[in-house]
Amino acid sequence: MNIVGKRAEASDSRHSFSAATFRKVLKGFEIGGLPYTEVQFQLKRLLATGASPGELREVLRRSELIEPLPDYAYREVLSLLDEAIEQNAALQSDADTIVQEEQLDPAALSAELADTRSALEAEQTRAREAEEALSERIASEEAARSRLDNTLRESERYQAELRSARNSMASRDKVIAQMRQALDQREAELTAAQAELDEECRNSQEIERSLSDSNSLTGAARESLASQAKTIAEMRQTLAAREAQVVTLQREHAETRASLESHGKSTSQLQSDLQASRAQAASSMAELSAARAALESERRQHHKALQEMEDRARDSDEKSQTAQKRLGAAKSELDGLRAQVANLQAKLRDDDSLIEKLNAHVKSEAKRAKQWQAAAQQRESEAAPIVPQPAAEVPPPMEAMPQVQALPQVEVYPRLQAVAAAVAALPEFSSNGRGPHFRATPRAVWIGAAIVLLATAIWFLVHRTAPVPSTPNASTTPARMQPGATIRDCPTCPVLTVLPAGRFEQGSAAAENNSAFEKPLHWVMIANPIALSTNAVTVDEFRAFVAATGRDMQGCETYDGAWRRRPENSWENPGFAQTGSHPVTCTSWNDAKAYAAWLSAKTGQRYRLPSASEWEYAARAGTAAAQPWSAEGRDACASANVADESAGHRYPGWSVFACDDGFVQTAPVGSFKANSFGLNDMLGNVFQWTEDCWNANYKGAPIDGAARADGDCTERELRGGSWFSSPSYVRANYRNHFSVDYRTSSVGIRVARDIAP
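Residues numbered from 1 in each chain as written. Predicted model: local features only at pLDDT ≥ 70, side-chain atom pairs only at ≥ 80, totals over all residues. Heavy atoms only, no water.

Trainee: Now, about the overall build of the chain: what can you tell me, with residues and values included?
Mentor: Counting its secondary structure elements, the chain contains 14 helices and 13 strands. Long-range contacts, defined as pairs at least 24 residues apart, comprise 74% of the intrachain contacts of the chain with a sequence gap of at least 6. Just so you have it, the chain exposes about 41100 Å², and 53% of that area is on carbon and sulfur atoms. (Helix = DSSP H or I, 4+ residues; strand = E, 2+ residues; numbered from the N terminus. Contact = heavy atoms within 4.5 Å. Areas by Shrake-Rupley, 256 points an atom, 1.4 Å probe, with all protein chains shown as cover.)

Shown next, in the form of structure tokens:
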């Protein structure tokens, strides 16, 4: 939800119907459900059915404040509406002229008007039917948009988890320096391990050669065994042949015995032949057994030798595999460390880029300082003949110049030490090629101190002609200028809180589903402490300014179901009840600038509007979070006055936080929890003007916290959201913009004040 743009409910039913229809058409075009040709057709149809072009033009203006149309669409729609307004004016003029000149019969005119009304009602009936069809179509688009919103909320939850992960990564970054030392040691260990692995590789190669030799021996042994097996086979064949001979002899013996028995040979001859045969068979059997025993013994020996060779080969394989695994693990670990080194080097390159930008800025500021110094010396030479004023008289403003000249000899070194101590607490930007260090070295400390001192010197040169109060203000003593301290330069001046120097990431990351206005995400350095008003400027504080200057501030855009400019409303009467402790509203950017200039003249200090970078830095308060509450927003009402359930009951249809802060419009300042810097209502209550000219994105934006002076300076940037803002728009990185003379009851003022070193 933007500052303006809530649905209006007019009393005229015809106008309400036409305005609602046109609003839905624009909404359908915005979410992509309707083509532009359909927008043109519906607009022409509404105009043809008697819709007021002035009312439709007002709807277009309200819509532009929430979600601008493309330039071509806005120009063409506005041209059609302007043309319709001119045609209506011409028709009315012609009708009046005809009535006056021709003195038409009122009865005839009434009849003609009745016919016209009948035709118009018929056309309106057809328009309502078309409207119902269009409403159904837009309802489906709204349902799709609702699903998209659910997806966006889920995305925001994921983003919160991502921010949590980034925080954990930030804590891990603290050990990077230790990792670098460990990395050097680990690289040495890896070098030694690599040498050991090389040695093991050589041993493995020797083992492989030995294994190859063993394989050769095994092959030879296997060939020998094959030869022996062949010999055994031959011996078995021989034995079989001999066994066949034995069988043959036995058969011959049987035949012989039969023959002897048949022929009646003598027993002695038969026994002699039989014994000879048996002796021959026993000799053959003994020979065969001896051959078998020798062959079995030789086979066992060869089998044992082969088993030993295979065991040696298996051991060699296992050792080789172990060595390969160790080598692979070491290589994987080395690759991981190399990846870490690559990541560190990438971060280093990012920081080096930031250092180059800072160095360029420092060189530019140094050049400007030299130019201011030359101009100052010229002014001093021109002012030399001036006769000094008597001691009793009030010194002129130029008397501050000797103090500035004496600053380098008297106050620079102690201040440089203090700045060095402050810079020592910040991360060092290293360009040594090995990633960012999170330890402040003496060289980095003095470089940072020199940068801050240079900025301080430039500030003094620019403001050296400012009037100096005759007596020092107690609130400007050094003890009161520490971060967190509060300052009040006069009884009716706003209370200020001193903020520390630091740096932060401004905008939204590319992965976040936020507006392109907030991108690209970039680092910004706030080199010097500044003071920001603790609260938004109150009604009582602003009343002193109006009483002193008599500034005319009548007329303000206020809300009572629709945003309209009402001449009777102003900062004293914004359309709802306020007390002196409420934030002042109905103030334009021009009013805010005039108020800051009045404070400067009244106090002798330099009051101004904060830059958008300073404002976002103060709103984030040293954190990376864009909101100090959970993604669901149920705890938002403890920290900010926003569109809540009480506002939703008062104005049905609002998109609100799921909590109740107790206020529909503005709340007294300081009613909610302060942020970590001690500032109240940085989010919610009222939008706050900044110094920056409007630009559609952060391309080319300053990185030193300065206000952006290029772009469309007829419009200025607002920050913070308000009592009217829905959840999507109450964020530290949300950007809005309005014309410099625009006044509304949801916009107020927060001022900044420079802190002299």
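Trainee: Talk me through the sheet that holds strand β9 (residues 687–694); I want residue IDs and the actual numbers.
Mentor: Read from one edge of the open sheet, four strands run β11-β10-β9-β12, paired in mixed fashion. Because the sheet does not close on itself, it has two edges, and the strands there are β11 (736–739) and β12 (747–748). With four bridges joining them, strand β10 (residues 712–719) and β11 adopt antiparallel strand pairing. Looking across to β11, one finds that Glu715 is bridged to Ser739. Docked against the sheet, helix α12 (residues 589–603) engages β9 and β10, running at close to 95 degrees with respect to β9. (Pairing = 2+ DSSP bridges. Axes fitted to C-alpha atoms, helices over the stretch in contact; angles between N-to-C directions.)

Trainee: How would you explain helix α3 (residues 53–66) if you had to name every residue and give the values?
Mentor: Look at α3: 20 Å from first C-alpha to last across 14 residues, which is about the 20 Å you get at 1.5 Å a residue. Every buried residue of α3 is accounted for by Pro53, Glu55, Leu56, Val59, Leu60, Arg62, Ser63, Glu64 and Leu65. (Expected span 1.5 Å × (residues − 1). Buried < 20%, exposed > 50% of the residue type's maximum accessible area, 1.4 Å probe, protein only.)

Trainee: So, the packing of helix α11 (residues 539–549) against α12: which residues are in play, and what are the values?
Mentor: Here α11 crosses α12 at 80 degrees, and the two axes come no closer than 11 Å. Accordingly, the angle class assigned to the pair α11 and α12 is roughly perpendicular. Here α11 contributes Glu541, Phe542, Ala544, Phe545, Ala548 and Thr549 to the contact with α12, which in turn contributes Ala594, Tyr595 and Trp598. Across the contact of α11 with α12, the residue classes break down as seven nonpolar, one polar and one charged. (Parallel < 35°, antiparallel > 145°, perpendicular 65-115°, else oblique. Nonpolar A, V, L, I, M, F, W, Y, C, P; charged D, E, K, R; others polar.)

Trainee: Pulling in residues and values, what's your account of the environment of Val546?
Mentor: You can see Val546 is positioned in helix α11. Assessed through its relative accessible area of 13%, Val546 is described here as buried. Taking the C-alpha atoms as reference, Val546 lies 8.7 Å from Tyr595; in sequence the two are 49 residues apart. Not counting chain neighbours up to four residues away, the residues in contact with Val546 comprise Arg551, Met553 and Trp571.

Trainee: Tell me what's going on with helix α13 (residues 612–620), and back it up with residues and numbers.
Mentor: Counting buried residues along α13, nine of its nine residues qualify, which places the element largely inside the surrounding structure. All buried positions along α13 are accounted for by Ala612, Ser613, Glu614, Trp615, Glu616, Tyr617, Ala618, Ala619 and Arg620. Looking one or two residues past α13, Ala621 carries a phi angle of roughly 55 degrees, positive in sign.

The analysis is restricted to geometry; functional conclusions fall outside its scope.
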